Amino acid sequence: MSSEIIVLIFDLIILMFGAVAIYAAVRMKKTGEPSAILIPKEEQQKVRNAEQFCTKMYQPTILFGLLICLYGAVDIWNRQMLKAPALDLLSIACFLIVCIWYVRKLREVKEEHV
């Protein structure tokens, strides 16, 4: 299996993860229950105010999902069509920044509610 195929599979997984994050955010908003991808099921009963947690994490999770999907799409496009190393480095840097931002936001909200 070539490295390009492996990276393509990885990009598709990232794209799907972004879609799952968006779905989880929408579902949290509708049900008022934290998603299992944000808080494990065994810790969900410890959440003091589940609806407020869901409200605070809705927009960051939507934004995270959209940006992760964008990264996956841009990386696929760049590797298959454009092949610009500078865009590859820039997109990876943005991906990492978004992940760090989201983890910090999630920790901040978890500290308030768990």
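Keep in mind the model is a prediction, meaning the values are calculated, not measured.

Things to note about the packing of helix 1 (residues 3-31) against helix 2 (residues 50-82)
Next up, step 1: Contact geometry for helix 1 and helix 2: axes closest at 8 Å, N-to-C directions at 160°. Relative to helix 2, the element helix 1 is oriented roughly antiparallel. Along this stretch, helix 1 crosses helix 2, giving a crossing that reads as left-handed.

Considerations on helix 3 (residues 85-113)
Next up, step 1: Helix length check: helix 3, at 29 residues, gives a terminal C-alpha distance of 42 Å against a target of 42 Å (1.5 Å per residue), a fit within 8%.
Next up, step 2: Within helix 3 the residues assigned to the buried category are D88, S91, F95, V98, Y102, L106, V109 and H113.
Next up, step 3: Each element contacted by the buried residues of helix 3 is listed here: helix 1 and helix 2.

Digging into the pattern of salt bridges
Next up, step 1: One pass over the full model with this rule turns up 4 salt bridges.
Next up, step 2: Here E112 makes a salt bridge to K56, at a shortest N to O gap of 2.3 Å. Of this pair, E112 sits in helix 3 while K56 sits in helix 2, and the two are 56 residues apart along the sequence.
Next up, step 3: Overall, the relative accessible area of 32% leaves K56 in the partly exposed class.
Next up, step 4: A salt bridge links D75 to R79, with the nearest nitrogen and oxygen atoms 3.2 Å apart. Highlighted residues: D75 and R79, both in helix 2, separated by 4 residues, approximately one helical turn.
Next up, step 5: On the basis of relative accessibility, which here comes to 32%, the residue R79 falls in the partly exposed class.

The rules behind these values
- Residues numbered from 1 in each chain as written.
- Predicted model: local features only at pLDDT ≥ 70, side-chain atom pairs only at ≥ 80, totals over all residues.
- Heavy atoms only, no water.
- Axes fitted to C-alpha atoms, helices over the stretch in contact; angles between N-to-C directions.
- Helix = DSSP H or I, 4+ residues; strand = E, 2+ residues; numbered from the N terminus.
- Parallel < 35°, antiparallel > 145°, perpendicular 65-115°, else oblique.
- Left-handed = near helix turned anticlockwise from the far one by under 90°.
- Expected span 1.5 Å × (residues − 1).
- Buried < 20%, exposed > 50% of the residue type's maximum accessible area, 1.4 Å probe, protein only.
- Contact = heavy atoms within 4.5 Å.
- Salt bridge = Lys/Arg side-chain N within 4 Å of Asp/Glu carboxyl O.

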